[in-house]
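If you want the building blocks of each chain, they are given just below.
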Amino acid sequence: MAKIRVTVWNEYRHEREEEKIAEVYPEGIHAQIAKAIGCDDFEVRTATLDEPEHGLTDEVLDNTDVLIWWGHMAHWEVSDEIAEKVKQKVYMGMGLICLHSAHYSKVFQKVVGTTGNLLWGMNKQEIVWNVNPIHPIAKGIPTHFKLDAEEIYAEPFQIPEPDELVFMGWFETGYVFRSGCCWRRGYGRVFYFQPGHEEFPVYYNENVIQIIKNAIHWAAPVETGYVKQWGAPCIGGDFVPDGELEFFKK
């Protein structure tokens with residue numbers, strides 16, 4: 001069975017500019033995620049904002065089955081052209097996993113079609129509740145798990161109604177949030193997962209990493225059986241085998 005080709009994208013700014021964050025992620029958030037999800041099922045590469053074309057050349061995107069996106073302080077430095085390319089790749093079947101503040105990224109906004117605005121505030125303890133335990137992304141995840149510190153994200157969250165809700169976040173101040181949401185866009189699958197504030201070692205948490213691994217499997221492209229051209233299924237070539245229509249001509 002072919003490996004799922006995963007690209008982990010990160011701005012890689014906080015880790016280089018803020019010492020306290022570099023202490024948590026010395027090689028960058030992208031490197032930690034790539035290391036943590038590493039397994040026989042995946043072929044993992046990384047890309048960052050300041051690389052040419054943000055590290056997302058046509059060759060990279062053409063060889064990516066699932067794109068993981070982490071962004072925070074430089075959303076608007078991502079070129080509109082690259083964001084549009086990512087959107088079109090998702091519509092043609094590439095999976096997209098947006099983490100934490102990627103809800104404000106150009107990519108997320110383009111793909112799901114809303115602002116992604118939300119209520120946010122101070123850092124508090126969070127409990128992540130598994131509210132859809134039979135969903136593939138929830139496989140192996142307990143009924144709930146605790147994060148000692150996380151940035152409060154709370155409702156209202158301006159997103160399209162999720163096709164499926166997998167996780168809810170509850171903060172010790174009482175705020176709640178739809179923290180694990182799924183959508184289908186074109187041929188592609190999209191998962192948003194809220195935990196991951198850069199100040200805290202969230203991407204060392206075994207439950208968080210297992211959720212990301214599960215999401216990669218869920219979001220990986222599915223063979224449709226159709227020839228796809230310009231974003232739509234196309235009837236052409238040998239799509240209808242010779243002689244198959246003869247029955248209908250009688």
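Just so we're clear, the structure is a prediction, and the values are computed from it rather than from any experiment. Residue indices begin from 1 for each chain and proceed along its sequence in written order. Reporting of local features is limited, given that this is a predicted model, to residues whose pLDDT is at least 70; pairs of side-chain atoms are given and counted only at 80 or more, and all residues count toward the totals for whole chains, interfaces and linings. Side-chain numbers here rest on the full set of heavy atoms in the structure, without hydrogens or water.

### Quick notes on unusual backbone geometry
Negative phi characterises most residues that are not glycine, and trans characterises most peptide bonds. The cut-off we apply is this: Under the scheme used here, helices are H or I runs from DSSP no shorter than 4 residues and strands are E runs no shorter than 2 residues, and both carry numbers assigned from the N terminus. Only protein chains enter the accessibility calculation, which uses a 1.4 Å probe. A residue is then buried if its area is under 20% of the maximum for its type, exposed if over 50%, and partly exposed in between.
E155 connects to P156 through a cis peptide bond whose omega is 10°. Tracing the backbone shows P156 in the loop between β6 (144-154) and β7 (164-171). Residue E53 is not a glycine yet carries a positive backbone phi of 55°. Tracing the backbone through its elements, the reader meets E53 in the loop between β2 (42-48) and α4 (58-62). Judged by its relative accessible area of 42%, E53 falls in the partly exposed class. Even without being a glycine, H100 presents a positive backbone phi close to 50°. Here H100 shows up in the loop between β4 (95-99) and α6 (106-112). For H100, a relative accessible area of 0% gives the class buried.

### Some thoughts on the sheet that holds β7
Put simply, the rule reads: Note on pairing: DSSP must find at least two bridges between two strands before they are called paired. Fitted lines through C-alpha atoms give the axes, limited to the stretch in contact for helices. The angle between two N-to-C directions lies from 0 to 180 degrees. In what follows, residue pairs with any heavy atoms lying within 4.5 Å of each other are defined as contacts.
As summarised here, the arrangement of the nine strands in space is β2-β1-β3-β4-β9-β8-β7-β5-β6, forming an open sheet in which the pairing is mixed. At either margin of the open sheet sits one strand with a lone partner, and together these are β2 and β6. Each adjacent strand pair in this sheet contributes to an overall mean axis angle of 25°, direction not counted. Helix-sheet contacts for helix α3 (residues 29-37) involve β1 (4-10), β2, β3 (66-70) and β4, and the interaxial angle to β1 is about 155°. Running over the sheet, helix α5 (residues 80-91) touches β3, β4, β8 (176-185) and β9 (188-193) and is turned about 120° from β9.

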